[in-house]
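# Structural characterization, general
Letter by letter, the chains look like this.
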Amino acid sequence: MKLLQTEQWSWWKHGVIYHIYPRSFMDTNGDGIGDLQGIICKLDYLSDLGVDGIWLSPVFLSPNADFGYDVSDYRTIDPAYGAMDDFRLLIEKAHEHSIRVISDMILNHTSDQHPWFQESASSTINPKRHWYIWRDGYKGGPPNNWKSAVGGSAWEFDKRTGQYYYHSFFKDQPDLNWRNLLLPSVFFDELKFWLDLGVDGFRLDVINLIAKDKKFRNNPSFLGIPFFQKHVFTRNRYKSHKIVMELRKQVDKYQDRVMIGEIYTMPPGNSEIAASYLSGGLGIHMAFDFSLIFRQWSASSYYKCILDWYSNIPEKGWPCNVLSNHDLMRSIDRFPFRRHKHEKAKVAAAFLLTIKGTPFIYYGEEIGMRNARIRYRDIQDPLGKRYWPFFMGRDRARTPMQWNSGEYGGFTTGKPWLPLNPDKSWRNVEDLQSDGSSLLNFYRNILKIRRNHTALQMGRWIPLITGRHGILAYARALYGERVVVILNFTSKQKYINLPEHSFGQVLFSTHRHEDEIYYFQDLKIFPFEASIFKA
Ligand code: NOJ
Ligand code: CA
């Protein structure tokens, strides 16, 4: 079909992407750390699950001050994960499975161990000095009041050269100076290296932080709270959009590649800002907005959130949707109350996989992995180390994938870098695979239906019931194909009418048999029902 080859039908628009935290996915050499060979040996699993792409959190050489988000060489694979040949093999094998590979890319900062920074820090006249952001102090203190995202001043004093350098995150992660005219071409070369190798795209880490105020003006305080400030001069500067558009031009020289930008804004999220980075089709291809993650569990709040998101997406833009990632707690644990977690996870999954936009699934979400309890001595995340016991850090959502009920969940034969969640004894791929009503099979079934119904991939989204009495119903429609989705966010039985449609045939449902036909008048909806009909 000719149409399928046009930009409008790119794989990343109709596909589903699975986010792998490589350190925790599958270990093949018994050192307790997940690796590239581990991902390769799980490609059949991913293919059976029905995903079209994988995004790998960074596997570049890194001293791991922030587990890969501090890169010391963008062209070397960290030996913990394997070698460049393993990466090549991963691309080759993934492509054989029709799975694309998206690499993380950290453009905002490097590791302080990166030779660029080492040179930059070596003297004020080093040619790489202005690759990073160096300033003189002000009145015996840092240059201004800018705070890092992890707490404290974002400026670190360097005794050797008597100046401060800027870091949006930890001091081991100095920010690059994207106002330096050399920087874009330096990074275009890094991107080109990976594109030539065959990666299908990049997830751009904190891309909205990339440009800072030229005049280094102080940020206003946030409600007078000392820890926080409004990042007016350090985030979402106009220049960030310009840089992103330049990156897009470079990436567009290659066919069918994609850039997804992480646009983190403080809770409750800001979809307008996230969508602004799509720049009318000239910016990133997709933007992560985290508003949905910050929403409370209710049909109407999910509806409003998504409506707001779509209303901000430019005509030539495309939404993507996500429930959890390696920084934020696992979605299932955010759903309120201990009861009905499993049912809620199914409703949320049905929502994620049938609304308009490319779904991102965080590894383990498909088996309902929970945040694990991590003892102080097991904490790995520097944020956890810094803020325990007030904040446990992000390890809780990064524990090893639970493949089976074995001692280490089939993840490793050695000692895992983070303990497994003990619930691996019953919550694991092997056991859930054989349970027809498991969350895992629920994900698989919906992904299968999604694959067979272009309306679910690319169709218009038409709201039918917008949260009243805890019900969300909508249609997806394309070229005469129409699919109706009905979700009950509550534990109560409800009755609904869909005047726009007279009846539908069940494609998949938590409560109904496939192929059965139901009339949408006074239709009884079961507690936590998630049903997909062909209408
Ligand atoms: C966002 C990443 O997702 C997070 O894990 C990391 O700590 C920061 N960016 C800094 O790179
Ligand atoms: Ca390993």
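Residues numbered from 1 in each chain as written. Chains lettered and ligands numbered in written order. Predicted model: local features only at pLDDT ≥ 70, side-chain atom pairs only at ≥ 80, totals over all residues. Heavy atoms only, no water.

### Structural notes on the overall build of the protein chain
- Of regular secondary structure, the protein chain possesses 16 helices and 23 strands.
- Scaling as 2.2 N^0.38, a compact globule of 535 residues should have a C-alpha radius of gyration of about 24 Å, and the protein chain matches this with 23 Å.
- Reported as C-alpha extents along the three principal axes, the dimensions of the protein chain are approximately 75 × 50 × 50 Å.
- Per-residue burial over the protein chain gives 61% buried out of 535 residues.
- In the form shown here, the protein chain has an accessible surface area of approximately 21900 Å², with 52% of it arising from carbon and sulfur atoms.
- Looking at the protein chain, you have 68 positive and 57 negative side-chain charges, and the mean spots of the two groups are 7 Å apart. (Helix = DSSP H or I, 4+ residues; strand = E, 2+ residues; numbered from the N terminus. Rg over C-alpha atoms; globule rule 2.2 N^0.38 Å. Buried < 20%, exposed > 50% of the residue type's maximum accessible area, 1.4 Å probe, protein only. Areas by Shrake-Rupley, 256 points an atom, 1.4 Å probe, with all protein chains shown as cover. Lys, Arg positive; Asp, Glu negative; His and termini not counted. Charge placed at Lys NZ, Arg CZ, Asp CG, Glu CD.)

### What about the layout of surface pockets?
- The volume enclosed by the largest pocket comes to roughly 920 Å³.
- Contributing to the lining of the largest pocket are 37 residues, with Ala149, Val150, Phe169, Tyr264 and Leu383 lying nearest its centre.
- When contributions to the lining of the largest pocket are tallied by element, the ones reaching two or more residues are strand E11 (225-229) and helix H13 (382-387).
- Looking at which element gives the most residues to the lining of the largest pocket, the answer is E11, with three residues.
- When the residues that make up the lining of the largest pocket are grouped by side-chain class, the tally is 19 nonpolar, nine polar and nine charged. (1 Å grid on protein atoms, 1.4 Å probe; cavity = no way out; pocket = protein on both sides within 12 Å on 5 of 7 lines; lining within 4 Å. Points joined across faces, edges and corners; volume = space filled by probe spheres on them. Nonpolar A, V, L, I, M, F, W, Y, C, P; charged D, E, K, R; others polar.)

### Observations regarding the coordination of the calcium ion (ligand 2)
- Around the calcium ion (ligand 2), the donor atoms from the protein are Asp27 (OD), Asn29 (OD1), Asp31 (OD), Ile33 (O) and Asp35 (OD), and they sit 2.3 to 2.4 Å away.
- Summarised as a motif, the one-chain spacing of the donors to the calcium ion (ligand 2) is D-x1-N-x1-D-x1-I-x1-D.
- Taking relative accessible area as the criterion, Asn29 reaches 52% and is therefore assigned exposed.
- When its relative accessible area of 4% is taken as the criterion, Asp35 is described as buried. (Donors = N, O, S within 2.8 Å, 3.2 Å for Na, K, Ca; no water.)

### Regarding the site of ligand 1
- In the neighbourhood of ligand 1, the contacting residues comprise Asp66, Tyr69, His109, Phe169, Arg203, Asp205, Val206, Glu262, His326, Asp327, Arg394 and Arg398.
- Side-chain polar atom of Asp66 to an oxygen atom of ligand 1: 2.5 Å apart, as the coordinates give it.
- Here an oxygen atom of ligand 1 sits 2.7 Å away from a polar atom, N or O, in the side chain of Asp205.
- For ligand 1, whose free accessible area comes to 300 Å², the fraction covered by protein is 96%.
- More than half of the atoms belonging to ligand 1 lie within 2 Å of the grid points that define the largest pocket.
- Looking at the shell around ligand 1 residue by residue, the class counts come to three nonpolar, two polar and seven charged. (Near = heavy atom within 4 Å. Polar contact = N/O pair within 3.5 Å; in protein donor to acceptor, adjacent residues only side chain to side chain. Sits in = over half its atoms within 2 Å of the grid points.)

### What to know about the sheet that holds strand E9 (residues 201-204)
- Read across the open sheet, the eight strands follow the order E13-E12-E9-E5-E2-E1-E15-E14; overall the sheet is parallel. With one partner strand each, in any of the chains shown, strand E13 (286-288) and strand E14 (320-322) form the two edges of the open sheet. On average, each strand axis in the sheet is tilted by 25° relative to the strand beside it, whichever way the strands run.
- Those strands touched by helix H4 (residues 84-96) are strand E2 (53-56) and strand E5 (100-105), and its axis lies near 140° from that of E5.
- Of the strands in this sheet, E9 and strand E12 (258-262) touch helix H7 (residues 238-251), which is tilted by about 155° from E12. (Pairing = 2+ DSSP bridges. Axes fitted to C-alpha atoms, helices over the stretch in contact; angles between N-to-C directions. Contact = heavy atoms within 4.5 Å.)

### Side note on the confidence of the model for the protein chain
- Summary statistics for the protein chain give a mean pLDDT of 96 and a share of 99% for residues scoring 70 or more.
- Looking across the protein chain, the model is least confident in E11, with a mean pLDDT of 80, and most confident in helix H2 (residues 36-41), with 99. (pLDDT = per-residue confidence, 0-100.)

### Topic: the side chain of Gln402
- Relative to the helices and strands, Gln402 is located in the loop between H13 and helix H14 (429-433).
- Look past the residues within four positions of Gln402 in its chain and what remains in contact with it is Ile367, Met369, Gly409, Leu420, Asn421, Asp423, Lys424, Arg427, Asn428 and Val429.

### Regarding the pattern of salt bridges
- Tallied over the full model, the rule gives 23 salt bridges.
- Arg100 is the partner of Asp256 in a salt bridge, and the nearest nitrogen-oxygen pair spans 3.7 Å. With a gap of 156 residues between them, Asp256 in the loop between H7 and E12 and Arg100 in strand E5 connect regions that are remote in the sequence.
- Classification of Asp256 by relative accessible area gives partly exposed; the value is 38%.
- By relative accessible area, which is 25% here, Arg100 ends up partly exposed.
- One connected set of salt bridges, linked through shared partners, spans Asp66, Asp327, Asp381, Arg394 and Arg398. (Salt bridge = Lys/Arg side-chain N within 4 Å of Asp/Glu carboxyl O.)

### Thoughts on the sheet that holds strand E23 (residues 530-534)
- Ordered in space as E16-E17-E18-E23-E20-E21, the six strands form an open sheet in which the pairing is antiparallel. The open sheet has two free edges, formed respectively by strand E16 (460-466) and strand E21 (517-519), since each of these has just one partner strand. The sheet shows a mean angle of 30° between the axes of neighbouring strands, direction not considered.
- Here eight bridges tie strand E17 (residues 471-478) to strand E18 (residues 481-488), and the two strands are oriented antiparallel to one another. Pairing of Ala473 across the sheet is with Ile486, part of E18.

### Quick look at the nonpolar core
- Membership of the largest hydrophobic core comes to 149 residues, with the highest contact counts inside it found for Tyr18 and Phe87.
- Core analysis: the next-biggest nonpolar cluster, separate from the first, contains 14 residues, Ile471, Val484, Leu498 and Phe520 among them. (Core = buried A, V, L, I, M, F, W, Y, C linked by side-chain atoms within 4.5 Å.)

### A word on H4
- Between the first and last C-alpha of H4 there are 18 Å, a value that for 13 residues agrees with the 18 Å anticipated at 1.5 Å per step.
- Tucked inside the fold, the buried residues of H4 contact H2, helix H3 (43-49), E2, strand E4 (73-77), E5 and helix H6 (183-197).
- Within two residues after H4, Ser98 carries a phi angle of roughly 60°, on the positive side. (Expected span 1.5 Å × (residues − 1).)

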